[in-house]
Amino acid sequence: MAAARFICSGFLAILFTFAYASDPSPLQDFCVANSKDNSVIMVNGLSCKDPKMAEASDFFFSGLDIAGNTTGAVGSKVTPVNVAQIPGLNTLGISFARIDYAPGGINPPHTHPRASEILTVIEGNLEVGFITSNPENRLITKILKKGDVFVFPVNLIHYQRNVGHGNVVAIAALSSQNRGVITIANAVFGSNPPIPAAVLSKAFQLDHNVVGYLQTKF
């Protein structure tokens, strides 16, 4: 009997742990983020605007019809629509983005620590892929065409690459108001302060001079 009670207590403890591991559901209709308020009372790290003062512009964004500038080094541009652009997204657990890709352009390997992502191609042909966690590190990849949809699980490294001859446009929805982005190359070789070259040399099995060169690029 004592053993049964112990097992039951342990099971309940695990359940409560999972229950408190996720974000709580909103207790009001909305909590429009108020960047002008320095109040110490915040929800999801942002103070709330008086609900009586909320207006349509708090829930609105215009401009996703405008192509992003893809002339940068990686040949892509992400136009985010998160709580920074739409204050009314605060506490709602969703966000949006448009991604433009020049021919040969990539959205380099990166992760979203707080969100899964579902992406659809609006125009063009796009290679997408994500990598499973250790020890398999298996690459799951597919070529998408216009109208295709692909899902990237939360926090897994993923990428996209334009494999066509023209521009590509994709739209992504994410399961967080502020998904977070960790671009792998930038984080590893461009951290501040830098990761010691000795660590990176051993981790990537590279000469110190190669590591130094890569660090200058980021």
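Residues numbered from 1 in each chain as written. Predicted model: local features only at pLDDT ≥ 70, side-chain atom pairs only at ≥ 80, totals over all residues. Heavy atoms only, no water.

A. Highlighting the overall build of the protein. Counting its secondary structure elements, the protein contains four helices and ten strands. Residues counted as buried form 30% of the 218 residues belonging to the protein. Within the protein, contacts between residues at least 6 apart in sequence are counted, and of these 69% link residues at least 24 apart. Counting only carbon and sulfur atoms, one obtains 62% of the accessible surface of the protein, whose full area is about 13,800 Å². (Helix = DSSP H or I, 4+ residues; strand = E, 2+ residues; numbered from the N terminus. Buried < 20%, exposed > 50% of the residue type's maximum accessible area, 1.4 Å probe, protein only. Contact = heavy atoms within 4.5 Å. Areas by Shrake-Rupley, 256 points an atom, 1.4 Å probe, with all protein chains shown as cover.)

B. Quick peek at the sheet that holds strand 3 (residues 106–111). Strand order in the open sheet formed by five strands is 6-5-8-3-10, with antiparallel pairing between adjacent strands. At either margin of the open sheet sits one strand with a lone partner, and together these are strand 6 (139–144) and strand 10 (182–183). Strand direction decides the pairing type here: strand 3 and strand 10, joined by two bridges, are antiparallel. Bridge pairing in strand 10 links H110 to T183. (Pairing = 2+ DSSP bridges.)

C. Broad picture of the state of the cysteines. Summed over all chains, the structure comprises one disulfide. Paired by a disulfide, C31 and C48 hold their sulfur atoms 1.7 Å apart. The disulfide joining C31 to C48 has a torsion of about -85 degrees about its S-S bond and is therefore left-handed. With C31 in the loop between helix 1 (2–21) and strand 1 (76–81) and C48 in the loop between helix 1 and strand 1, this pair connects stretches of sequence that are 17 residues apart. Residue C31 is classed as buried on the basis of its relative accessible area, which comes to 1%. (Disulfide = S-S within 2.5 Å.)

D. A look at the sheet that holds strand 2 (residues 95–101). Spatially, the five strands line up as an open sheet ordered 1-2-9-4-7, and their pairing is antiparallel. The sheet is open, and its two borders are formed by strand 1 and strand 7 (149–152), each paired with just one other strand. Strand-to-strand twist in this sheet, taken as the mean axis angle between neighbours without regard to direction, amounts to 20 degrees. As defined by bridge partners, strand 1 adjoins strand 2 across six bridges and the pair is classed as antiparallel. From the neighbouring strand, V78 faces strand 2, where its bridge partner is I99. (Axes fitted to C-alpha atoms, helices over the stretch in contact; angles between N-to-C directions.)

E. Summary view of the pairing of strand 8 (residues 158–162). Burial within strand 8 is extensive, with four of its five residues counted as buried. Bridge count for strand 3 against strand 8 is three bridges, and the pairing is antiparallel. Bridge pairing links H110 to H158 in strand 8. Of the pairings in the sheet, the one linking strand 5 (residues 126–131) to strand 8 comprises five bridges and is antiparallel in character.

F. Fine view of a nonpolar patch on the surface. A cluster of nonpolar side chains, namely I118, V149 and V151, defines an oily patch on the protein surface of about 250 Å² accessible area. With respect to the helices and strands, the residue V149 is situated in strand 7. (Patch = residues over 30% accessible without salt bridge, like charges linked within 9 Å, V, L, I, M, F, W, Y side chains within 5 Å. Salt bridge = Lys/Arg side-chain N within 4 Å of Asp/Glu carboxyl O.)

G. Up close: unusual backbone geometry. Between N134 and P135 the backbone carries a cis peptide bond, its omega angle lying at 5 degrees. Geometrically, the link from N192 to P193 is a cis peptide bond, its omega value of 0 degrees lying close to zero. Inspection of the secondary structure assignment puts P193 in the loop between helix 2 (184–189) and helix 3 (197–204). One non-glycine residue, T91, lies in positive phi territory at about 75 degrees. The backbone phi angle of N137 is positive, close to 50 degrees, even though this residue is not glycine. Within the fold, N137 resides in the loop between strand 5 and strand 6.

H. Quick peek at the pattern of salt bridges. The final tally for this structure, using the stated rule, is five salt bridges. Linking D58 and K49 is a salt bridge whose minimum nitrogen-to-oxygen distance equals 2.9 Å. Classification of D58 by relative accessible area gives buried; the value is 8%. The closest approach of N and O atoms between R98 and D100, which form a salt bridge, is 2.8 Å. The residues R98 and D100 share a single accessibility class, namely buried.

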